[in-house]
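Chain and residue survey
What follows is the residue order along each chain.
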Amino acid sequence: MRALTLETCLPLLMILVHTEAWFISWPEWGRCPYMDVSNKFNPKQYFDGTWYLRKAYNNEFLDGRGRCSFSKYSNDKTSGLTKVKFQHWSIWKNDWASENATLSRAESDAKFLLKFHDKFGFLDETLPYWIVEVDAKYEKYSIAYSCENVFLFFHQYSSWVMTRDPSSDIKYIDERLRYHTLDPSLFVEIDQSRCPPESA
């Protein structure tokens, strides 16, 4: 058996570090697949108000640690960026937990870069954030997607299903996920019941 050396272990360690940063599962073989995004996307309508997280795949911020997750958006007129505040009720702390990020436009109207801000400024992380689908009036549901290539032969992706109403029926969402070649069985439902009052 070949002995483990720094040279043989380093690629695996790099993947593990990258995986631990924002994702839960192991990277998958191949490059990020092509993914259609929402046509005629209106950022002002989308980034207005609150979106409640209902189902997610590879959601490191919440997996196994919380419920009642939602995101709120506000526009920074000075920088032109969209500020995002993610919140969830932490099962570990029995209190609200939050994370701040900013959105900037990337390749098209529905493709953004989402930058999470570390409290100390050393571990800021930027990842793609694409709006794959949203209802015509921006009042019911949204499907978001993120994928990053890991080294030359792997990719890692996350996806989120959000609604404006935290208790609305989402049975129809599985069909929409399949339309975008996303496997509904991989998604975990987020508990939005008996949520404490939102923090300021």
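Scroll up a little and you will see the structure.
Residues numbered from 1 in each chain as written. Predicted model: local features only at pLDDT ≥ 70, side-chain atom pairs only at ≥ 80, totals over all residues. Heavy atoms only, no water.

Comments concerning the overall build of the protein chain
The following threshold applies: Secondary structure is summarised from DSSP: a helix means a run of H or I of at least four residues, a strand means a run of E of at least two, and numbering begins at the N terminus for each. Categorising residues by exposure relies on relative accessible area from a 1.4 Å probe, with only protein chains included: less than 20% of the type maximum marks a residue as buried, more than 50% marks it as exposed, and the intermediate range marks it as partly exposed. Every residue pair with non-hydrogen atoms within 4.5 Å of one another is taken to be in contact. Each accessible area is a Shrake-Rupley result for a 1.4 Å probe, and residues are judged covered by the shown protein chains and nothing else.
Looking only at helices and strands, the protein chain features three helices and ten strands. From first element to last, N terminus to C terminus, the protein chain shows the α and β order α-β-α-β-β-β-β-β-β-β-β-α-β. A burial count over the protein chain gives 44% of its 200 residues as buried. Restricting the contact set of the protein chain to residue pairs at least 6 apart, pairs at least 24 apart contribute 54%. Entry remark: accessible area of the protein chain is about 12000 Å², with carbon and sulfur atoms responsible for 56%.

Details of the pairing of strand S6 (residues 111-116)
Applied cut-off: Strand pairing requires that DSSP identify at least two bridges connecting the strands.
The pairing of strand S5 (residues 95-105) with S6 spans five bridges and is antiparallel. Considered in S6, the bridge of Ala-101 is made with Phe-116.

Here we look at a nonpolar patch on the surface
The following threshold applies: A patch consists of residues whose relative accessible area exceeds 30% and which take part in no salt bridge; residues with like charges are grouped when within 9 Å of each other, and nonpolar side chains (Val, Leu, Ile, Met, Phe, Trp, Tyr) when within 5 Å. The term salt bridge refers to a pairing of a side-chain nitrogen on Lys or Arg with a carboxyl oxygen on Asp or Glu at a separation within 4 Å.
The grouping of Trp-29, Phe-151, Leu-152 and Phe-153 at the surface amounts to a nonpolar patch, some 520 Å² of accessible area in total. Among the secondary structure elements, Trp-29 is positioned in strand S1 (residues 28-29). With relative accessibility at 65%, the residue Trp-29 sits in the exposed group.

Quick notes on the pattern of salt bridges
Tallied over the entire structure, the rule returns two salt bridges. When the shortest N-O distance is used, the salt bridge between Lys-55 and Asp-174 registers 2.7 Å. Of this pair, Lys-55 sits in strand S2 (residues 50-57) while Asp-174 sits in helix H3 (residues 173-179), placing them 119 residues apart in sequence.

Re the packing of aromatic side chains
This is how the line gets drawn: Each aromatic pair joins two rings of Phe, Tyr and Trp (for Trp, the six-membered one) with centres within 6.5 Å, and gets the label stacked for planes under 30 degrees apart, edge-to-face for over 60, and tilted for any other angle. Our definition puts a charge over a ring when NZ of Lys or CZ of Arg is within 6 Å of the ring centre and also within 35 degrees of the ring normal.
Applying the stated criterion across every chain yields a total of 21 aromatic pairs. One aromatic cluster is present, formed by Phe-41, Tyr-46, Phe-47, Trp-51, Tyr-73, Phe-112 and Tyr-138 through successive ring pairs. The cationic tip of Lys-111 hangs over the ring face of Trp-130; the distance from NZ or CZ to the ring centre is 4.0 Å. It is Arg-176 that lies over the ring of Tyr-179; its NZ or CZ is 4.7 Å from the centre.

Observations concerning the environment of Arg-164
Our working rule: Two N or O atoms form a polar contact when they lie within 3.5 Å of each other; inside protein one atom must be a possible hydrogen donor and the other a possible acceptor, and for residues adjacent in sequence the pair counts only when both atoms belong to side chains.
The residue Arg-164 is located in the loop between strand S9 (154-163) and H3 in this model. C-alpha of Arg-164 to C-alpha of Leu-53: the two residues are 111 residues apart in sequence and 9.0 Å apart in space. If sequence neighbours within four positions are ignored, Arg-164 has contacts with Gln-45, Tyr-46, Asp-48, Gly-49, Thr-50, Trp-51, Tyr-52, Tyr-138, Glu-139 and Lys-140. Within the structure, the side chain of Arg-164 is placed 3.2 Å from the backbone oxygen of Tyr-46, a separation counted as a polar contact. Within the local environment of Arg-164, its side chain forms a polar contact with the backbone oxygen of Thr-50, the two atoms lying 3.1 Å apart.

Here we look at unusual backbone geometry
For Lys-40, which is not glycine, the phi torsion reads 50 degrees and is therefore positive. Locating Lys-40 in the fold gives a position in the loop between S1 and helix H2 (43-46). When its relative accessible area of 81% is taken as the criterion, Lys-40 is described as exposed. In this model, Arg-194 sits at a positive phi of 50 degrees, which is unusual for a non-glycine residue. Looking at the element boundaries, Arg-194 is found in the segment after strand S10 (188-189).

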